[in-house]
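Residue-level structure breakdown
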Amino acid sequence: MAVYNLYIFNREGQCIFYREWNRTKQSGLSQELEFKQMFGLIIEMKSFVTKMSPTDLKDGFLGFKTNKYKLNYYETPSGIKFVLNTDLNPLGNIRELLHQIYEHVLLPTVIRNVNQNLQEPIKNSAFENKLEDLIRNSLLFKN
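Keep in mind the model is a prediction, meaning the values are calculated, not measured.

Right, let's get into the side chain of Thr 76. When you line up the elements, Thr 76 lands in the loop between β4 (70-75) and β5 (81-86). When near neighbours in sequence (up to four residues on either side) are disregarded, Thr 76 contacts Phe 82 and Tyr 102.

Time to look at helix α1 (residues 31-52). Residues lying three or four places apart along an α-helix face the same way, a consequence of the helix completing one turn every 3.6 residues. Taking 1.5 Å of rise per residue, the 22 residues of α1 would be expected to cover 32 Å, and the 31 Å separating its terminal C-alpha atoms lies within 8% of that figure. Among the residues of α1, those classed as buried are Glu 34, Phe 35, Met 38, Phe 39 and Ile 42. All buried residues of α1 fall inside an arc of 135° around its axis, so they share one side. For α1, exposure combined with an orientation more than 90 degrees from the buried face picks out Glu 32, Lys 36, Glu 44, Lys 51 and Met 52. Here the buried face of α1 lies against β1 (3-9), β2 (15-20), β4 and β5.

Here we take up the environment of Leu 131. Position of Leu 131 among the secondary structure elements: in helix α3 (residues 125-137). Setting aside residues up to four positions removed in sequence, Leu 131 forms contacts with Leu 6, Phe 17, Trp 21, Ile 101 and Val 105.

Scoring rules and cut-offs
- Residues numbered from 1 in each chain as written.
- Predicted model: local features only at pLDDT ≥ 70, side-chain atom pairs only at ≥ 80, totals over all residues.
- Heavy atoms only, no water.
- Helix = DSSP H or I, 4+ residues; strand = E, 2+ residues; numbered from the N terminus.
- Contact = heavy atoms within 4.5 Å.
- Expected span 1.5 Å × (residues − 1).
- Buried < 20%, exposed > 50% of the residue type's maximum accessible area, 1.4 Å probe, protein only.
- Arc of directions from axis to C-beta.

Here's what the structure looks like:
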């Protein structure tokens, strides 16, 4: 499976981290506008899914598929939002991978780091190295 890119948003909607791996097509937008549109899409999809669901949703919005890629979504109880775009054929549990990014990468290297502020983009080499290792060693990553 190919991993294309990852967005991490803080609870205010600011993209605090972005990384590409196998993305071959760019949006044609400035990075700032792309981040705003992605966050807006997530908020609107969450609202739409909640309102239109014929039953109570346990997990709410988890993502969507197109004919070319899958958008995978994970939100922590504290409001940090992860968006991971992949191809359509997952070779593992993507939701579990997103949880691992939060629990084993973001939490110990950024959130528990007194020198890191989640109101600013993440500039932390320990975070970036652990994230890279986790993604590249997962069943989901394919060059």
